[in-house]
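# Structural characterization, general
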Amino acid sequence: MFFDIGPLELIALIVLAVLVFGPEKLPKVIQDTARFVRKVREFSDSAREDIRRELGPEFKDFEFEDLNPKNFARKHLLENEDLGLKEIRNGFDLRQELAEVTDAVNGREITAGTPDAPAAGSAKGSSAAGGTPDRFRKEAPPAGSEPPPFDADAT
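Residues numbered from 1 in each chain as written. Predicted model: local features only at pLDDT ≥ 70, side-chain atom pairs only at ≥ 80, totals over all residues. Heavy atoms only, no water.

### A few points about the pattern of salt bridges
Side chains bearing opposite charge may pair, as long as their charged atoms lie close to each other. Scanning the entire structure with this criterion turns up 5 salt bridges. In this structure, Glu49 and Arg52 form a salt bridge, with 3.5 Å as the shortest nitrogen-oxygen distance. In this pair, Glu49 and Arg52 are both assigned in helix H1 (residues 7–55), 3 residues apart and thus about one turn of the helix distant. Residues Asp50 and Arg53 are paired through a salt bridge, measuring 2.6 Å at the closest nitrogen-oxygen approach. Here Asp50 and its partner Arg53 are both found in helix H1, 3 residues apart, which amounts to about one turn of the helix. (Salt bridge = Lys/Arg side-chain N within 4 Å of Asp/Glu carboxyl O. Helix = DSSP H or I, 4+ residues; strand = E, 2+ residues; numbered from the N terminus.)

### Topic: the confidence of the model for the chain
The predicted model of the chain averages 75 in pLDDT, with 65% of residues at 70 or higher. Looking over the chain, one finds the lowest element-wise mean pLDDT in helix H3 (residues 85–91), namely 66, and the highest in H1, namely 91. Counting contacts from residues 115–128, a segment whose pLDDT is below 50, to residues more than four positions away or on other chains yields 23 contacts. (pLDDT = per-residue confidence, 0-100. Contact = heavy atoms within 4.5 Å.)

So this is what it looks like as structure tokens:
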């Protein structure tokens, strides 16, 4: 109701109202404001009922909040059992699909037990079965005593 106004802010508004309007006029201002808010609510309720009456009985469950695209999609697409979207959404495993695509791109065979197992003919870390390098796998570190390559111009 107070639109995210904290207690300290509410007290500050009350003190400000007393200072601006004075203690004599403040009750009348509060009454006028309450009367105005009541009239606006009555007007909006009557307008809402007029629109529902004009739309007819086929729109009896129409809510104005449904005009928000987020609420519309949730009500008509996600909660509607006739479309079967819940079954499709629950039956879709994104991780498994991504793993299959990654394996296909890397040229690895897809096995049921080990999705990360490399293909039998691929060399370790250098290239996949198709002859293209596997850019997602780290290369093996150089041999124990061999220092990494050094480029003086790069540093």
